[in-house]
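Geometric and topological summary
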Amino acid sequence: MPKSLISIHDFSKEEILHILEIAAEFEKNKSQNILAGKVIACIFFEPSTRTRLSFETASNRLGARVIGFSDTGNTSITKGESLKDTIKMVSNYVDLIVMRHPLEGASRYASEIASVPVVNAGDGANQHPSQTLLDLYSIKQTQGKLNDLKINMVGDLKYGRTVHSLLQAMSHFSPNFVFTSPDELMLPSEYKEWLDGKGIPYTETRQLSDHLNDSDIIYMTRVQQERFTDLMEYEKVKNFYRLEKSMLDNVKPNMKILHPLPRLNEISTDVDDTKYAYFYKQAENGMYVRMAIIAYLLGYK
Ligand code: CP
């Protein structure tokens, strides 16, 4: 089976650091024709702006061509074709598959069927490992290091797959976590037990103000409406947090605000022009990191 990226656990600490180094090279030299003749499939069973477009741009910048779909309504899936048959067929056409799917475990299943590497571009509330690698890249770029940082994750810690992948990846780097969420969206116990097993310290709070001023990274997240079965529950928590410029007067000078995006109301637009806002650059970094992931999985870096 070719090497795939389904969970952040699929990459060792050394591989993670290697990806970050290659991404930095690609940031300096944004177009390299190393994948001429290769074809990448981007198949998205769920909506996306950044992940799909940055993977497609990354493929183009490396000289590969791209096929795929972003709307299953135009595919034979509407006729009842199975995921297994879809993946078997696409993997015979291309050299690498990037896939987003609403079902947890769908990408792992695809990687067991495909004859080419598969990159999980998000599977339900489970994992989003390419987002995690770009988050790590952004943390390293802004803090100059990955070790011994206080990372404050805010918002939907229950359904936010980027949170789940990031806390696992950061475990290599002696982090100190703050988990800021309403009671309804607390980090699931399986992740806390995992952190306990590794001896990684964390604090839980409902109050955004509690750890704004001693955090190195504030990792804001959107409440994931699409994962709620009861929309009344969503309405109760959707506007629980709103980070505003006036709240940033006493934060650490090195503090940066990250957000995987899309943003709804959780960050006021008056934050955008402060020196603390990094989320647009973070999204740009995704392109370099995804160039690195593709090049690495295809054996070119
Ligand atoms: N961060 C992220 O996954 O964004 P998209 O849903 O737009 O791809």
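Residues numbered from 1 in each chain as written. Predicted model: local features only at pLDDT ≥ 70, side-chain atom pairs only at ≥ 80, totals over all residues. Heavy atoms only, no water.

Here we look at the overall build of the protein
The cut-off we apply is this: Going along the chain from the N terminus, every DSSP run of H or I of four or more residues is numbered as a helix, and every run of E of two or more is numbered as a strand. Radius of gyration here uses only the C-alpha atoms, and the compact-globule reference equals 2.2 Å multiplied by the residue count raised to the power 0.38. Only protein chains enter the accessibility calculation, which uses a 1.4 Å probe; a residue is then buried when its area is under 20% of its type maximum, exposed when over 50%, and partly exposed in between. Residue contacts follow a heavy-atom distance rule, with two residues in contact if any of their heavy atoms lie within 4.5 Å. Residue-level accessible areas treat just the shown protein chains as cover; the underlying method is Shrake-Rupley with a 1.4 Å probe. His is not counted, nor are the chain ends; Lys and Arg add positive charge and Asp and Glu add negative charge. Note on charges: their place is set at NZ of Lys, CZ of Arg, CG of Asp or CD of Glu.
Within the protein, the secondary structure is distributed over 9 helices and 9 strands. Over its C-alpha atoms the protein spans a radius of gyration of 19 Å, differing by no more than 12% from the 19 Å that the globule rule assigns to 301 residues. Projected onto its principal axes, the C-alpha positions of the protein cover 55 × 45 × 40 Å. Going through the 301 residues of the protein one by one, you find that 56% of them count as buried. A separation threshold of at least 6 residues defines the contact pool for the protein, and within that pool the share at least 24 residues apart is 73%. When the accessible surface of the protein is summed, it comes to about 12700 Å², and 46% of that surface belongs to carbon and sulfur atoms. Distance between charge centres in the protein, computed from 35 positive and 38 negative side chains, equals 5 Å.

Some words on empty space enclosed by the protein
A water-sized probe rolled over the atoms picks out the places where empty space is left. Going by this rule: With a 1 Å grid spanning the protein atoms alone, the term cavity applies to any set of points in which a 1.4 Å probe fits but cannot get out, the term pocket to an open set with protein on both sides within 12 Å along at least five of seven lines, and the term lining residue to any residue with an atom within 4 Å of a point. Grid points are joined across faces, edges and corners, and a volume is the space filled by probe spheres set on the points. Each residue is assigned to one class: nonpolar for Ala, Val, Leu, Ile, Met, Phe, Trp, Tyr, Cys and Pro, charged for Asp, Glu, Lys and Arg, and polar for all the others, Gly among them.
The final tally for this structure, using the stated rule, is 2 cavities of 30 Å³ or more. Considered as a void within the structure, the largest cavity measures approximately 70 Å³ in volume. Every residue lining the largest cavity is counted, 13 residues in all, and those nearest its centre are Gly-155, Thr-221, Val-223, Tyr-241 and Glu-266. Taken together, the residues that form the lining of the largest cavity break down as 8 nonpolar, 3 polar and 2 charged. The computed volume of the second largest cavity comes to approximately 30 Å³.

Points about the site of the ligand
Formally: Proximity criterion: a residue is near a molecule or strand once any of its heavy atoms comes within 4 Å of it. Think of a polar contact as two N or O atoms within 3.5 Å of one another; within protein, one of them needs to be a possible hydrogen donor and the other a possible acceptor, and neighboring residues in sequence only count if both atoms come from side chains. By definition, a pocket or cavity contains a molecule when more than half of the molecule's atoms lie within 2 Å of the pocket's grid points.
Around the ligand sit Ser-48, Thr-49, Arg-50, Thr-51, Arg-100, His-128, Gln-131, Pro-260 and Leu-261, and that is every residue in its neighbourhood. His-128 is positioned such that a nitrogen or oxygen atom in its side chain is 2.9 Å from an oxygen atom of the ligand. At 2.7 Å from a nitrogen atom of the ligand is found a main-chain nitrogen or oxygen belonging to Pro-260. Within the complex, the protein chains bury 91% of what would otherwise be the 250 Å² of accessible surface of the ligand. More than half of the atoms belonging to the ligand lie within 2 Å of the grid points that define the largest pocket. A per-class count over the shell around the ligand returns 2 nonpolar, 5 polar and 2 charged.

Section: the pairing of strand β4 (residues 118–123)
To keep things clear, this is the line we draw: At least two DSSP bridges between two strands are required for those strands to pair. Whether a crossover is right-handed comes down to one check: with the strands pointing away from the viewer, does the path from the first strand over the helix to the second run clockwise; if it does, it is right-handed.
With 6 of 6 residues buried, β4 is to be regarded as a mostly interior element. Across 4 bridges, the pairing between strand β3 (residues 96–101) and β4 is parallel. Residue pairing across strands places Ile-97 opposite Val-118, the latter belonging to β4. Handedness of the crossover is the feature at issue here: the chain leaves β3, passes through helix α4 (residues 106–113), returns alongside β4, and the resulting connection is right-handed.

Examining the layout of surface pockets
If you add up the space inside the largest pocket, you get close to 380 Å³. Lining the largest pocket are 20 residues, and of these Arg-100, Arg-161, Arg-222, Leu-261 and Pro-262 sit closest to its centre. Among the secondary structure elements, those contributing two or more residues to the lining of the largest pocket are α2 (50–61) and α6 (161–170). Broken down by class, the residue content of the lining of the largest pocket amounts to 4 nonpolar, 9 polar and 7 charged. Taken as a whole, the second largest pocket encloses approximately 160 Å³ of empty space. Taken together, 13 residues line the second largest pocket, and the ones lying closest to its centre are Phe-69, Thr-75, Thr-86, Met-89 and Val-90. The element best represented in the lining of the second largest pocket is helix α3 (residues 83–93), accounting for 4 residues. Looking at the lining of the second largest pocket, its residues break down into 7 nonpolar, 5 polar and 1 charged.

Some points on the packing of aromatic side chains
The criterion, for reference: Aromatic rings from Phe, Tyr and Trp, taking only the six-membered ring of Trp, are treated as a pair when their centres fall within 6.5 Å; an angle between ring planes under 30 degrees marks them as stacked, one over 60 as edge-to-face, and anything in between as tilted.
Across all of its chains, the model carries 8 aromatic pairs by this definition. Aromatic side chains Phe-45 and Phe-69 sit 5.4 Å apart centroid to centroid with 80° between the ring planes, which places their arrangement in the edge-to-face category. Residue Phe-45 is found in the loop between β1 (39–44) and α2, and its partner Phe-69 is found in strand β2 (residues 65–69); the two are separated by 24 residues along the sequence. On the accessibility criterion, Phe-69 (16% relative accessible area) is buried. Aromatic ring contacts, followed pair by pair, group Tyr-159, Phe-228 and Tyr-234 into a single cluster.

Some words on the sheet that holds β3
We apply this condition: Axis geometry follows a simple rule: fit a line to the C-alpha atoms, using only the stretch in contact for helices, then measure angles between N-to-C directions, giving values from 0 to 180 degrees.
An order of β2-β1-β3-β4 is seen for the 4 strands of this open sheet, with the pairing classed as parallel. Bordering the open sheet on either side are β2 and β4, each of which pairs with just one other strand. Strand-to-strand twist in this sheet, taken as the mean axis angle between neighbours without regard to direction, amounts to 15°. Direction of pairing for β1 relative to β2: parallel, over a ladder of 5 bridges. Within the sheet, the bridge partner assigned to Ile-40 lies in β2 and is Val-66.

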